[in-house]
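Descriptive structure summary
Chain residues, written in single-letter form:
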Amino acid sequence: MAAELSTAAARCPTSFPVQPPTDPAQVRAEADRLSALGESCQDRADYFAYQGLLLLSLKRPQQAALALEKALLLNPDLAGTQLDYAQALGEMGERDSAISLVGEVARRPDIPLPLQEWLADQLGVWEGNNWLVDWSMEVLAGAESNLNSAPGIQFLTLTLPGGSVPVHLADSDRVAGGAVRTTLLGSAARAVGSGLVLFSGEISTRNSPAASDTNQSIVSANAAYFHPLLDGQIGVRTGQTRLSIGGEPSYTSTGLGLIYQLPLQFAPTGCTTNLGYGFENRDFPRATFQAGRYAGPRAWLYCRSDLWEVNVLLQDGDERARDTDRLGGDQRRSDITLGLSRKLGANTLSLWAQRGRDTDQLGYSPLLGGQARSVDRLAARVSYEHFLADQWSLVGYLEKTLQKSNIELFRMQNEALYFGVRFRGK
């Protein structure tokens, strides 16, 4: 009796849905259900076509390509499955094969005109005739405990020829209050031959009605080119970032970097690994003697599944002082950044954390004890995005920043809480 029930449970259905479910949990459940039908449905093209579509939805292009290839071997005339197979090939980096396959489908006489026009656009993207554009904008309102990043101390001890003198720091220097944050992000990519050109940028502002001298704006722009090399990709990237505080320019960074993305077989399943080396000029218009030149290696790890995304960035290098009178002289800098996000249905819960350490090679100032300065930066953010409709979502985050140092003047902490809306463009 048990054997008969097992056979019935594994019997291949008479038909399969045309489209997969929209809920990620249901998609995973469907994929699990279909994996148990492999033996009984091994001669059914619609089974492998549907299985491939589910795996594409789960961001598993390699597994999807295998299933879709089996479907086309059983029935080569499935136009929709050919397009799904082309998508899987494109996501695996086999762009030439994807272009060829889409071209074949576009020439079929039974393809409706609107679909032919869409296929022509898609071919233009893959062949490099069109741009892939992605952008988003968010507006958030909230409050911070330390808008101007003032030191978290009341007294500072100065070392003078006549002895140590405690100096009182006014409480008003530490400004707490409400603020509005706006962020505009954008990127544009286009294939050029076998390579890829990528432009990206960000404009971010924080404005506080009660403390306009703490207002900030950040503008950054980047350009990169990537080209296949030894089963991986090599790239060069340049960019600039400008920070203004209180309407006055405060910091400018101009950099150039070399990047190599390792072949997929050298990375964990579902991950990409990048190694690089960066050069950067750092300028401070309000304190030009603090300018420096940074250089050092970097490493990135990015992993993605149907539920999780993981980002890890490591960098370590030296910043050479451009002015021999710079306080602290040359500096050693190291950072580690971790990003985690988890899909909860259509919503996303994210954690971002960063640890950085700067160490001066020379004593910072005789007035502050003459010791070499070390600064530890700790920052963490928990955010939640709730999907509303179309491209709109609600966003909220809680962030804490803590800066420790062996010199009291550079100790700081801040807490921030923001809520608002985000719009993702198409």
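Residues numbered from 1 in each chain as written. Predicted model: local features only at pLDDT ≥ 70, side-chain atom pairs only at ≥ 80, totals over all residues. Heavy atoms only, no water.

Some words on the nonpolar core
In terms of nonpolar packing, the biggest core is built from 16 residues, with Leu-56, Ala-64, Leu-68, Tyr-85, Ala-86 and Ala-88 touching the most fellow members. Those elements that provide at least two residues to this core are helix 3 (45–57), helix 4 (61–74), helix 5 (79–91) and helix 6 (95–106). A total of six residues in this core trace back to one element, the largest contributor, which is helix 5. Apart from the residues within four sequence positions on either side, Leu-68 is in contact with Phe-48, Ala-49, Gly-52, Leu-53, Leu-56, Thr-81, Asp-84, Tyr-85 and Ala-88. Grouped together as the second largest cluster of nonpolar side chains are 14 residues, Tyr-47, Phe-48, Ala-49 and Ala-71 included. (Core = buried A, V, L, I, M, F, W, Y, C linked by side-chain atoms within 4.5 Å. Buried < 20%, exposed > 50% of the residue type's maximum accessible area, 1.4 Å probe, protein only. Helix = DSSP H or I, 4+ residues; strand = E, 2+ residues; numbered from the N terminus. Contact = heavy atoms within 4.5 Å.)

Points about the side chain of Asn-146
Its place among the elements puts Asn-146 in the loop between strand 1 (132–144) and strand 2 (155–160). At 3.2 Å, the side chain of Asn-146 forms a polar contact with the backbone nitrogen of Ser-149. Beyond its immediate stretch of four places on either side in the chain, Asn-146 contacts Arg-174, Val-175, Met-412, Gln-413 and Asn-414. (Polar contact = N/O pair within 3.5 Å; in protein donor to acceptor, adjacent residues only side chain to side chain.)

Remarks on the state of the cysteines
For the coordinates displayed, the defined rule picks out two disulfides. Two residues, Cys-12 and Cys-41, share a disulfide whose sulfurs are 2.0 Å apart. Since a negative S-S torsion denotes a left-handed disulfide, the Cys-12-Cys-41 link at about 115° is right-handed. Remark: Cys-41 occurs in the loop between helix 2 (24–35) and helix 3 and Cys-12 occurs in the loop between helix 1 (2–9) and helix 2; sequence separation between them is 29 residues. Each member of the pair Cys-12 and Cys-41 is classed as buried. Across the disulfide from Cys-271 sits Cys-303; the S-S distance is 2.0 Å. Residues Cys-271 and Cys-303 share a disulfide whose torsion about the S-S bond is about 110°; that sign makes it right-handed. (Disulfide = S-S within 2.5 Å.)

What to know about the layout of surface pockets
Within this model, the second largest pocket holds a volume of roughly 250 Å³. For the lining of the second largest pocket, the class distribution of residues is eight nonpolar, three polar and two charged. (1 Å grid on protein atoms, 1.4 Å probe; cavity = no way out; pocket = protein on both sides within 12 Å on 5 of 7 lines; lining within 4 Å. Points joined across faces, edges and corners; volume = space filled by probe spheres on them. Nonpolar A, V, L, I, M, F, W, Y, C, P; charged D, E, K, R; others polar.)

Quick look at helix 3
Helix length check: helix 3, at 13 residues, gives a terminal C-alpha distance of 19 Å against a target of 18 Å (1.5 Å per residue), a fit within 8%. The element helix 3 is largely enclosed, with a buried count of 11 among its 13 residues. Here helix 3 has its buried residues at Ala-45, Tyr-47, Phe-48, Ala-49, Tyr-50, Gln-51, Gly-52, Leu-53, Leu-54, Leu-55 and Leu-56. (Expected span 1.5 Å × (residues − 1).)

A short note on the confidence of the model for the protein
Parts of the prediction with low pLDDT should not have their coordinates interpreted in detail. Of the residues in the protein, 86% have a pLDDT of 70 or more, and the chain-wide mean is 86. The low-confidence segment residues 1–8 (pLDDT under 50) makes zero contacts with residues lying over four places distant or belonging to another chain. (pLDDT = per-residue confidence, 0-100.)

Let's talk about the pattern of salt bridges
Per the stated rule, a full pass over the model turns up 26 salt bridges. Note that Arg-304 and Glu-309 form a salt bridge whose closest N and O atoms lie 3.8 Å from each other. Overall, the relative accessible area of 28% leaves Glu-309 in the partly exposed class. For the salt bridge of Arg-357 with Asp-376, the shortest nitrogen-to-oxygen distance reads 2.5 Å. Here Arg-357 is found in strand 13 (residues 347–363), whereas its partner Asp-376 is found in strand 14 (residues 372–389), with 19 residues between them in sequence. Given the relative accessible area of 33%, Arg-357 is considered partly exposed. Taken together, the shared-partner salt bridges in this structure form one network comprising Glu-280, Arg-282, Arg-298, Glu-319, Arg-326, Arg-333, Asp-335, Asp-358 and Arg-377. (Salt bridge = Lys/Arg side-chain N within 4 Å of Asp/Glu carboxyl O.)

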